[in-house]
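Working through the structure, step by step
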Amino acid sequence: MLKIRNLESGYGKLKVLKHISMHVDTGEIVTIIGANGAGKTTLLSTISGLVKVGSGEIVFNGKSIRGLSPSKIPALGCVMVPEGRQVFATMTVEENLILGGHVIQKKGKKVLAELLEHQYQLFPILKERRSQLAGTLSGGEQQMLAMGRALMSRPSLVMMDEPSTGLAPLIVREIFQIIERLREEGNTVLLVEQNAKAALSIADRGYVLETGKVIVQGPAEDLLANSAVQRAYLGREKFDE
Amino acid sequence: MIWEKNKECMSREDLEQLQLERLQSTVYRVGTHVPFYRSKFNEQKLEYDRISSLADLSRLPFTLKQDLRDNYPYGLFAVPLREVVRVHSSSGTTGSATVVGYSKNDIKTWSNLVARVLCGAGVTHDDVIQIAFGYGLFTGGFGLHYGAELLGASVIPISAGNTKRQIQIMQDFKTTALVCTPSYALKMADVMMDMGVNPHGLSLRYGLFGAEPWSESMRREINERLGIRSTDNYGLSEVMGPGVAGECEECNGLHINEDHFLVEVIDPDSLEPVKPGEVGELVITTLTKEAFPVIRYRTRDLTMLMPEPCPCGRTFQRMSRIMGRTDDMLIIKGVNVFPTQIESILFDIEGTKPHYQLVVERENNEDKLTVMVEAVESLFFDAMKKQRALVDMIKKRMASELGIGVEIKLVEERTLERFNGKGSRVIDKRVL
């Protein structure tokens, strides 16, 4: 679905991503883990077209999306759930969701209504709060709204940037359960997370980013068992197992 | 039967993406973790974090058996010893031993790849598999063992040797699949005859043979005598052990586990890649090994790639069975001769047994190759005439197929040394 080869990008003179290659297959949850400043968000922003590609290829569903404007990419089926939710605070929950469906608006009201209903099924709390202003929601609810808003465009790839940021552990668990459910429903997810343990436990595969480079990659269970990953990202030493 | 359909049948495009990602991280990791590779990369001024395509592989340095010896025992390990859960050592057929290590993940991968090979050969969890490879430092025994367990087969870890007992157990335990070297399979057939055991009365159905070069005619002989279907599988301890490649039920070339190994076939002299379909030396780069990754390891094994699709549905390309080794290749009167070629001729000739030995000498500055071959007992009671006719016939065949004249010496059955494991059938007496 998504294939990236030798990608380099950054901000002005600052190169953040150094020669990254990775891919996401249909129906997978792939996670990018790494410390602060490793380049995880830059990677998602580059795929979304928000950060300019220096060199390398980004191929989405067989088509190069390098250099496309950020407004064109979601219409191709590649959407991002940004870090810190970024819902429209002064709009209602339902307005936020409908806005997410703008790329399929021409398919008619019926399709839109069905999609809306589907999001309410996935996130029942949003149905309860449908006419409430988004700004009044709790952090976890806002995260769900941001996810629901992204799903409203029926994307083929959902990219999530740090969905666990600033949420209580219980809510984080719920969010990750929902991500797993998204896969069960046939969605494909690229998940960027600092919470490596939680991300790897639901992902199929993972890439470990360090100062802009992929240093290890492989099946998530292998990464969980990889001692270098354990020491650096899972906070576990061999002897205290 | 395909063990991991989503991998073994993946599109070439997806495979190439996966190979590139894995090559990049392997090269980066050995560059940062293994001093040997770091200094080689630095010598070549190679930016090991900037591998951009699979074609970049040709810019990387080769790894030789000698490099493994020079770094004996742990010098080429890419992880600290505390992460290593298993150590094996190569058989040392051609010189001093070398040491390889495996992490937990490596063992898991290895088992899985061996399970692919077993499954490709037709073995399932319903089979009783007798592993007559040596258990120990040699990778054959343990490699097949873990793969067979993962597959769910019932494993008899009998190890090598004590042929009579092997056959007894094969009878009593109703073994359905036999794992050993092809020459040992033939030895078993001999011993069965001695013991009055009819191989066709056994439960045996599959044979998975490897660890030494063999020929198509040898396969026919084994299949007929033991009443089984035998498949070839390939591996070497420096790269992993068994599980690198294996034949599917088509019995026509070995599928290389290309998602874990990147292969090249090169001309051993010019070191350039050979043309597609040409025979050359197999060079392997590991893509997922954690503890003991190798870059462009020169196997000295001669093979050719068969990139055309296989009817079985696997997309991994095949390689032909090993046609010999660059280092047991004989150059006789300037002609390259592989023992397997001679073996193949002998198999086709009635009156000879599949046991032979080659003696190379130099007389009056001229190479002389003598083929000592076992002939059926009846020939030795018979007139000399028949013997001579047989010798002449073999000579003629050899001359036309090898392009050189050879001496033939018939010996009585069971007078030549038998090999349980790997051994060299060549005695080179030339002082060069």
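Residues numbered from 1 in each chain as written. Chains lettered and ligands numbered in written order. Predicted model: local features only at pLDDT ≥ 70, side-chain atom pairs only at ≥ 80, totals over all residues.

Attention now moves to the pairing of strand S2 (residues 99-103) of chain B. The element S2(B) is extensively covered by neighbouring structure, given that five of its five residues are classed as buried. Burial along S2(B) is two-sided: the residues B:Val99, B:Gly101 and B:Ser103 and B:Val100 and B:Tyr102 are all buried. (Buried ≥ 20, exposed ≤ 12 C-beta atoms within 10 Å, placed from the backbone. Helix = DSSP H or I, 4+ residues; strand = E, 2+ residues; numbered from the N terminus.)

Turning our attention to the sheet that holds strand S6 (residues 78-81) of chain A. All names here are of chain A. Sheet architecture is open: six strands sit in the order S6-S7-S8-S3-S9-S10, paired in mixed fashion. Of all strands in the sheet, those bounded by a partner on one side alone are S6 and strand S10 (213-219). On average, each strand axis in the sheet is inclined to that of its neighbour by 15°, with strand direction left out of account. Sheet analysis places strand S9 (residues 205-210) next to S10, joined by six bridges and oriented antiparallel. Following the sheet pairing, Glu210 is matched in S10 by Lys213. Strands in contact with helix H1 (residues 40-47) are strand S3 (29-34), S6, strand S7 (157-161), strand S8 (189-193) and S9; relative to S7, the strand with the most contacts, it is inclined by about 145°. (Pairing = 2+ DSSP bridges. Axes fitted to C-alpha atoms, helices over the stretch in contact; angles between N-to-C directions. Contact = placed C-beta atoms within 7 Å.)

Attention now moves to the nonpolar core. Note that soluble globular proteins tend to have their nonpolar side chains buried in a common cluster. Counting 91 residues, the largest nonpolar core has B:Leu118, B:Ile131 and B:Val179 as the members making the most contacts within it. Excluding its chain neighbours within four sequence positions, the residues that come into contact with B:Leu118 are B:Val123, B:Gly147, B:Ala148, B:Leu151 and B:Leu208. Membership of the second largest hydrophobic core comes to 61 residues, among which are A:Met22, A:Ile29, A:Leu157 and A:Leu209. (Core = buried A, V, L, I, M, F, W, Y, C linked by C-beta atoms within 7 Å.)

All names here are of chain A. Following both chains from N to C, one finds helix H2 (residues 93-100) and helix H5 (residues 139-151) inclined at 35°, their axes separated by 7 Å at the closest point. Along this stretch, H2 crosses H5, giving a crossing that reads as right-handed. Contacts from Val93, Asn96, Leu97, Leu99 and Gly100 of H2 reach H5 at Leu145, Gly148, Arg149 and Ala150. (Left-handed = near helix turned anticlockwise from the far one by under 90°.)

So, about the interface of chain B and chain A. With 14 residues of chain B at the interface, the matching set in chain A holds 19 residues. Going through the elements one at a time, helix H2 (12-33) and helix H5 (104-121) of chain B are the ones with two or more residues in the side of chain B that touches chain A. Per-class residue counts for the side of chain B that touches chain A are two nonpolar, six polar and six charged. (Nonpolar A, V, L, I, M, F, W, Y, C, P; charged D, E, K, R; others polar.)

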